[in-house]
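Structure assessment
Now for the letters of each chain:
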Amino acid sequence: MDGMRIRIQGGPEVITEISALIEASDQAQLIRVEQDDSGVGADFILETIAAIVAIVSALFFDKPIVPQLWEILHRHQGTKLTFESATQTVTIESTGKLTIEDLTKALSALDHDG
């Protein structure tokens, strides 16, 4: 699959849900899921950090994926995820104030040179 390589880092439970979303999408290809039990992660205070490495098409963060990602984040209030592309890193923290529009805007930054 042609597309942008991304890495998504966060808590294991949320990463498991997002990896299922990626596997179900025809706009993305899951490369691997990683887990780090060292408790050391960029901007994280978690015992275990998990990450997904995937290739996504330009359409991946379009409808209906963003609302599905928002639903996952909404169910896991306080969750912090880091999305990394070759040129950008975006950190999103799930709060009651996070909207689908906020999520869409944040994720669109991944596809721009920075």
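It should be emphasised that the depicted structure is a prediction, and the values quoted were computed from it without experimental measurement. Residue positions are given per chain, counting from 1 as you read along its sequence in written order. Only residues with pLDDT of 70 or above have their local features reported here, since the model is predicted, and side-chain atom pairs are shown and tallied only from 80 upward, although totals for entire chains, interfaces and linings are computed over all residues. As a convention, hydrogens and water are excluded, and side-chain values are obtained from all of the structure's heavy atoms.

Moving on, we get to the pattern of salt bridges. For this document, the term salt bridge refers to a Lys or Arg side-chain nitrogen within 4 Å of an Asp or Glu carboxyl oxygen. As enumerated under the stated definition, the model contains three salt bridges in all. Between R7 and E34 there is a salt bridge, with its nearest N and O atoms 3.0 Å apart. Of this pair, R7 sits in strand 1 (residues 4-10) while E34 sits in strand 2 (residues 28-36), placing them 27 residues apart in sequence. Only protein chains enter the accessibility calculation, which uses a 1.4 Å probe; a residue whose area is less than 20% of its type maximum is buried, one above 50% is exposed, and one in between is partly exposed. Take R7: its relative accessible area is 27%, and that puts it in the partly exposed class. A relative accessible area of 23% means that E34 is categorised as partly exposed. Ionic contacts of the salt-bridge type, sharing partners, join the residues R7, R32 and E34 into one network. The numbering of helices and of strands both runs from the N terminus, where a helix is a DSSP run of H or I of at least 4 residues and a strand a run of E of at least 2.

A word on the confidence of the model for the protein. Predicted coordinates in regions of low pLDDT should not be interpreted in detail. Overall, the prediction assigns the protein a mean pLDDT of 83, with 85% of residues at 70 or greater. Predicted confidence for residues 40-44 stays below pLDDT 50, and this span has 10 contacts to residues more than four positions away or in other chains. In predicted models, pLDDT denotes the confidence assigned by the predictor to each residue on a 0 to 100 scale. Any pair of residues with heavy atoms lying within 4.5 Å of one another is described as a contacting pair.

This part takes up the sheet that holds strand 4 (residues 80-84). Strand order across the open sheet formed by five strands is 2-3-1-4-5, with antiparallel pairing between neighbours. The open sheet has two edge strands, strand 2 and strand 5 (89-93), and neither has a second partner. Going across the sheet, the axis of each strand differs from the next one's by a mean of 20°, ignoring polarity. Two strands pair when backbone bridges link them, and strand 4 and strand 5 are joined in this way by five bridges, in the antiparallel orientation. By the bridge assignment, E84 is partnered in strand 5 with T89. When DSSP finds two or more bridges between two strands, those strands count as paired. Every axis in this analysis is a line fitted to C-alpha atoms, fitted for helices over the stretch in contact. Angles between the N-to-C directions lie between 0 and 180 degrees.

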